[in-house]
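Architecture and fold: a report
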Amino acid sequence: MIVGSLGAVIFQVSDSTVLTLRDLSIKNNATISIHKNHLGGGLAEFTGSEPQRISFKLLLSAYLGVNIEKQIGRLENYLRSGTMLSLVLGHKTYGRYRWLLESFTQESVYTDKEGRITQCDVSVSLCEYLKG
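This report concerns the structure included in the present document. What you are looking at is a predicted structure, and each value in this text was computed from that prediction instead of being measured.

**Some thoughts on helix H1 (residues 68–81)**
Relative to the 20 Å expected for 14 residues at 1.5 Å per residue, H1 spans 20 Å between its end C-alpha atoms, a close match to the ideal helical length. Two or three places before Glu-69, at the opening of H1, Asn-67 has a side-chain oxygen 3.4 Å from that residue's backbone nitrogen. The first or second residue beyond H1 is Gly-82, which carries a positive phi of 70°.

**Details of the packing of aromatic side chains**
This model, assessed by the stated rule, comprises two aromatic pairs. On the basis of an interplanar angle of 85° and a centroid distance of 6.1 Å, the ring pair of Phe-11 and Phe-56 is categorised as edge-to-face. With a gap of 45 residues between them, Phe-11 in strand E2 (residues 9–13) and Phe-56 in strand E7 (residues 53–61) connect regions that are remote in the sequence. Residue classification places Phe-11 among the buried residues on the basis of a relative accessible area of 1%. When the ring of Tyr-97 is compared with that of Tyr-129, the centres are 6.4 Å apart and the planes differ by 40°; the resulting orientation is tilted. Of this pair, Tyr-97 sits in strand E9 (residues 92–111) while Tyr-129 sits in strand E10 (residues 117–129), placing them 32 residues apart in sequence. Relative accessible area serves as the criterion here: at 25%, Tyr-97 is assigned to the partly exposed category. Classification of Tyr-129 as partly exposed rests on a relative accessible area of 34%. The ring of Tyr-97 carries the charged tip of Arg-98 above its face, separated from the ring centre by 5.1 Å.

**Details of unusual backbone geometry**
Across the chain, the bulk of peptide bonds are trans and the bulk of non-glycine residues have phi less than zero. A positive phi angle, close to 60°, is found at Leu-39, a residue other than glycine. Among the secondary structure elements, Leu-39 is positioned in the loop between strand E5 (30–35) and strand E6 (43–49). Non-glycine residue Ser-108 carries a positive phi angle of around 45°. Of note, Ser-108 is situated in strand E9. Of the residues examined, Ser-108 reaches a relative accessible area of 46% and is grouped as partly exposed.

**Quick look at the environment of Cys-127**
Structurally, Cys-127 can be placed in strand E10. As a C-alpha pair, Cys-127 and Asp-112 span 15 residues in sequence and 34 Å in three-dimensional space. Among residues more than four places away in sequence, those in contact with Cys-127 are Pro-51, Gln-52, Arg-53, Arg-98, Trp-99, Leu-100 and Glu-102.

**Thoughts on the nonpolar core**
If you look at the biggest cluster of nonpolar residues, it comprises 24 residues, and the most contacted ones within it are Leu-60, Leu-87, Val-122 and Val-124. Counting only elements with at least two residues in this core, the list comes to E2, E7, H1, strand E8 (84–89), E9 and E10. Residues in contact with Leu-60, not counting those within four places in the same chain, are Leu-19, Val-66, Ile-68, Gln-71, Ile-72, Thr-118, Gln-119, Cys-120 and Val-122.

**Quick look at the sheet that holds strand E1 (residues 2–6)**
Taken together, eight strands build an open sheet; the order of strands is E3-E2-E1-E8-E9-E10-E7-E4 and the sheet is antiparallel. Edge positions in the open sheet fall to strand E3 (18–19) and strand E4 (21–27), since each of these has one partner strand only. Relative to E3, E2 runs antiparallel, the two sharing two bridges. For Val-13, the partnering residue across the bridge sits in E3 and is Val-18. The sheet contacts of H1 involve E1, E2, E3, E7, E8, E9 and E10, and relative to E9 the element is tilted by about 130°.

Criteria and cut-off values
- Residues numbered from 1 in each chain as written.
- Predicted model: local features only at pLDDT ≥ 70, side-chain atom pairs only at ≥ 80, totals over all residues.
- Heavy atoms only, no water.
- Helix = DSSP H or I, 4+ residues; strand = E, 2+ residues; numbered from the N terminus.
- Expected span 1.5 Å × (residues − 1).
- Polar contact = N/O pair within 3.5 Å; in protein donor to acceptor, adjacent residues only side chain to side chain.
- Phe/Tyr/Trp six-rings, centres within 6.5 Å; stacked < 30°, edge-to-face > 60°.
- Buried < 20%, exposed > 50% of the residue type's maximum accessible area, 1.4 Å probe, protein only.
- Lys NZ or Arg CZ within 6 Å of the ring centre and 35° of its normal.
- Contact = heavy atoms within 4.5 Å.
- Core = buried A, V, L, I, M, F, W, Y, C linked by side-chain atoms within 4.5 Å.
- Pairing = 2+ DSSP bridges.
- Axes fitted to C-alpha atoms, helices over the stretch in contact; angles between N-to-C directions.

Any functional reading would require information beyond the geometric quantities listed.
Put into structure tokens, the structure is as follows:
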């Protein structure tokens with residue numbers, strides 16, 4: 001069963017493959033300017049909003065049917081090429097337009113006796129890309 005996607009990275013649960021995200025964090029910031037008054041307090045002014053940011057973790061595990069090198073390769077390609085991605089979780093599409101892969105980090109990497117990665121956590125950070 002497909003539960004979502006980030007571009008061609010498909011989040012799914014089946015008899016042969018488990019690739020889901022966890023620790024989803026969505027950050028929204030307003031842009032506020034402070035105007036200073038001589039001998040008085042500052043006045044805050046809302047001047048807009050910053051692009052939304054999303055972060056989450058993926059468990060990539062060969063034991064769960066995931067081709068780790070293929071998934072890491074996709075993420076590297078998205079990062080280096082600046083590919084605009086859609087993010088879908090369940091039936092919801094996130095963001096107002098698309099996302100840019102801002103960074104990803106491989107953590108807790110386990111390898112087999114031949115040096116092939118068998119399991120790792122990947123922390124992914126996305127920045128909203130607005131149509132403009």
